[in-house]
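# Commentary on secondary and tertiary structure
Listed below, chain by chain, are the residues.
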Amino acid sequence: MCRGRSVFSSRPGGQLRNLTERKLQLTGIDPVQLLGFNDAHLQLIEDQFDATVSVRGDQVTLRGAQQDVAKVEKIFKELIFILNKNGNLGPGDVETVIDLVTVNGSTPALPPGETSVDDPENAILYTRIGIIKARTPGQKAYLQQVRKNDIVFAIGPAGTGKTYMAVAMAVAALKNRDVTKIILARPAVEAGESLGFLPGDFREKIDPYLRPLYDALDDMLSAEKLKSYLEKRIIEIVPLAYMRGRTLHNAFVILDEAQNATAVQMKMFLTRLGVHSRAIITGDTTQIDLPTKTVSGLVQIQEVLKDIQGVSFSYLDRNDVVRHRLVKDIIDAYERYQKSLNGASGAGKGDVRT
């Protein structure tokens, strides 16, 4: 986020100058990479402008002459973009951006399709493909609930960004050193196909269920960084059954497709959380693939934990769909079809599981 205020100070001789203070939130950014070894990048910036920069945690405070603070703010935004796009930042990059701002008064134009953060409060993570941010009212509410609560359930139809935002928030927390590892879990429940007919050993059979989580991470981390995190088990992607018996400290834990977790599995997952850990549970209660008489843990948990402080439920709907425009129409069509079946056969009959 970014906010500021203005004050006035007098130079020697009584001349007034307009001073300002602005704050930048380094969401999903490694401050050491941004500021340089021994703050070398920071020193280059401060030497060029009538402004001071102080850093506390993931918050940067800019103070000084209003015009210079505005330029330093532009520099930081461009450096953040370069760092996330290239995965590194050198003194040459910093000097180039400083020269562009000093001479032209602005940074290079963003690539086609790239947008700036109109409201930094909605920014989740800066990546090489752009800025991942909350884009709809429902997504913004979801983001705020995650920032305020240790356990958040995100429930809604396909295409509303439930899983993608959860993974982005986990990666941001890891980059900010709020956690030391990320655990991503999914139930290995068959959706019409049988695992037995898939080729390969058990790991090869289970990987297709976990592929959407790998796809999200591919957008957010370089191939080298992701490979390193997986090899060091800083990021783990596992079937839900593999969570039993574990205690997870200092972790950001995500359970995806939670509508396919049984009530027993849901309890098991939630009781894995250790000290300084957080969890997001995502799912769509209209796409349950469990046997007909099996209770979905995601359905049951909405009653079990509805009055627990620190636990929040975020509900997304068709208005939060950010996929192809036809996805909204498809969701509406299925809802109309379901209502017509229920009207003809009575409530509870003709359930369509997609």
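Residues numbered from 1 in each chain as written. Predicted model: local features only at pLDDT ≥ 70, side-chain atom pairs only at ≥ 80, totals over all residues. Heavy atoms only, no water.

Along the protein chain, the regular secondary structure elements total 11 helices and 12 strands. Here the protein chain, with 354 residues, has 45% of them falling under the buried criterion. Taken as a whole, the protein chain presents about 18400 Å² of accessible surface, with 51% of it coming from carbon and sulfur. (Helix = DSSP H or I, 4+ residues; strand = E, 2+ residues; numbered from the N terminus. Buried < 20%, exposed > 50% of the residue type's maximum accessible area, 1.4 Å probe, protein only. Areas by Shrake-Rupley, 256 points an atom, 1.4 Å probe, with all protein chains shown as cover.)

What follows concerns the confidence of the model for the protein chain. Across the protein chain, the average pLDDT comes to 80, with 80% of residues at 70 or higher. Confidence drops under pLDDT 50 across residues 1-16; counting only partners more than four residues distant or on other chains, this segment forms 37 contacts. Considering only residues more than four positions removed or in separate chains, one finds that residues 191-195, a stretch of pLDDT under 50, has four contacts. (pLDDT = per-residue confidence, 0-100. Contact = heavy atoms within 4.5 Å.)

So, on to the pairing of strand β12 (residues 311-315). For β12, a buried count of four out of five residues is recorded, marking the element as mostly surrounded by other parts of the structure. As paired elements, strand β7 (residues 151-155) and β12 share five bridges and run parallel to each other. Paired with V152 across the bridge in β12 is S312. (Pairing = 2+ DSSP bridges.)

So, about unusual backbone geometry. A positive phi is found at D39, a non-glycine position, where the angle reads about 60°. Inspection of the secondary structure puts D39 in the loop between α1 (31-35) and α2 (40-48). Its identity as a non-glycine residue notwithstanding, N250 has a phi of 50°, on the positive side.

Quick look at the packing of helix α5 (residues 137-148) against helix α6 (residues 162-175) now. Two quantities define a packed helix pair, namely the angle between the helix axes and the distance between the axes. Where α5 contacts α6, the axes come no closer than 11 Å and their chain directions differ by 35°. The interaxial crossing formed by α5 with α6 has right-handed handedness. For the pair α5 and α6, the contacting residues are Q139, Y142, L143 and V146 in the first and K162, M165, A166 and M169 in the second. Of the residues belonging to the contact of α5 with α6, the class tally is six nonpolar, one polar and one charged. (Axes fitted to C-alpha atoms, helices over the stretch in contact; angles between N-to-C directions. Left-handed = near helix turned anticlockwise from the far one by under 90°. Nonpolar A, V, L, I, M, F, W, Y, C, P; charged D, E, K, R; others polar.)

It is worth spelling out the packing of aromatic side chains at this point. In total, this model carries two aromatic pairs according to the counting rule given. Taken together, a centroid distance of 4.7 Å and an interplanar angle of 15° make the contact between F153 and F313 stacked. Of the two residues, F153 is situated in strand β7 and F313 in strand β12; the sequence distance between them amounts to 160 residues. Here a set of aromatic residues connected by ring pairs shows up, and it is made of F153, F313 and Y315. (Phe/Tyr/Trp six-rings, centres within 6.5 Å; stacked < 30°, edge-to-face > 60°.)

Across four bridges, the pairing between strand β5 (residues 123-127) and strand β6 (residues 130-133) is antiparallel. By the bridge assignment for β6, T127 is matched with G130. Hairpin connection of β5 to β6: two residues between the antiparallel strands.

Going through the model one piece at a time under the given rule, you end up with 12 salt bridges. A salt bridge links E73 to R22; the nearest nitrogen and oxygen atoms lie 2.5 Å apart. With E73 in helix α3 (residues 66-86) and R22 in strand β2 (residues 16-25), this pair connects stretches of sequence that are 51 residues apart. A salt bridge links E257 to R186; the nearest nitrogen and oxygen atoms lie 3.3 Å apart. (Salt bridge = Lys/Arg side-chain N within 4 Å of Asp/Glu carboxyl O.)

The next thing to look at is helix α10 (residues 297-304). Turning to α10, its buried residues are G297, L298 and I301. Looking straight down α10, one finds its buried side chains confined to an arc of 90°; they lie on one side. Elements that come into contact with the buried residues of α10 comprise β7, α9 (263-270), β11 (278-283) and β12. Put simply, S296 is the residue that caps the front of α10, since its side-chain oxygen is 3.2 Å from the backbone nitrogen of L298. (Arc of directions from axis to C-beta. Polar contact = N/O pair within 3.5 Å; in protein donor to acceptor, adjacent residues only side chain to side chain.)

Right, let's get into the sheet that holds β11. Paired through their backbone hydrogen bonds, the strands of a sheet run either parallel or antiparallel. One open sheet holds the six strands; their spatial order is β9-β8-β10-β11-β7-β12, and the pairing between them is parallel. Two strands bound the open sheet, and with one partner strand each, they are β9 (235-239) and β12. Each adjacent strand pair in this sheet contributes to an overall mean axis angle of 15°, direction not counted. As defined by bridge partners, strand β8 (residues 181-186) adjoins β9 across five bridges and the pair is classed as parallel. Bridging across to β9, R186 finds its partner in P239.

One recurring pattern in soluble globular proteins: nonpolar side chains tend to sit buried together. Grouped together as the largest cluster of nonpolar side chains are 37 residues, with contacts concentrated most on Y142, V167, M169, L217, I235 and F252. If one sorts the elements of this core by residue count, α6 sits on top with 10 residues. Setting aside chain neighbours within four positions, we find M169 in contact with I124, Y142, L143, V146, F252 and I280. Formed by 28 residues, the second largest nonpolar core is a distinct cluster that contains V69, L79, L89 and V101. (Core = buried A, V, L, I, M, F, W, Y, C linked by side-chain atoms within 4.5 Å.)

Let us look at α6. For α6, built from 14 residues, the straight-helix expectation of 20 Å at 1.5 Å per residue is met to within 8% by its first-to-last C-alpha distance of 20 Å. A large share of α6 lies buried, amounting to 12 of its 14 residues. For α6, every residue scored as buried is listed here: K162, T163, M165, A166, V167, A168, M169, A170, V171, A172, A173 and L174. A positive backbone phi angle near 65° is found at R177, which sits one or two residues after α6. (Expected span 1.5 Å × (residues − 1).)

On to the side chain of N122, then. Among the structural elements, N122 can be located in the loop between α4 (91-104) and β5. Once residues within four sequence positions are removed from consideration, N122 is found in contact with I132, K133, A134, K140 and L143.

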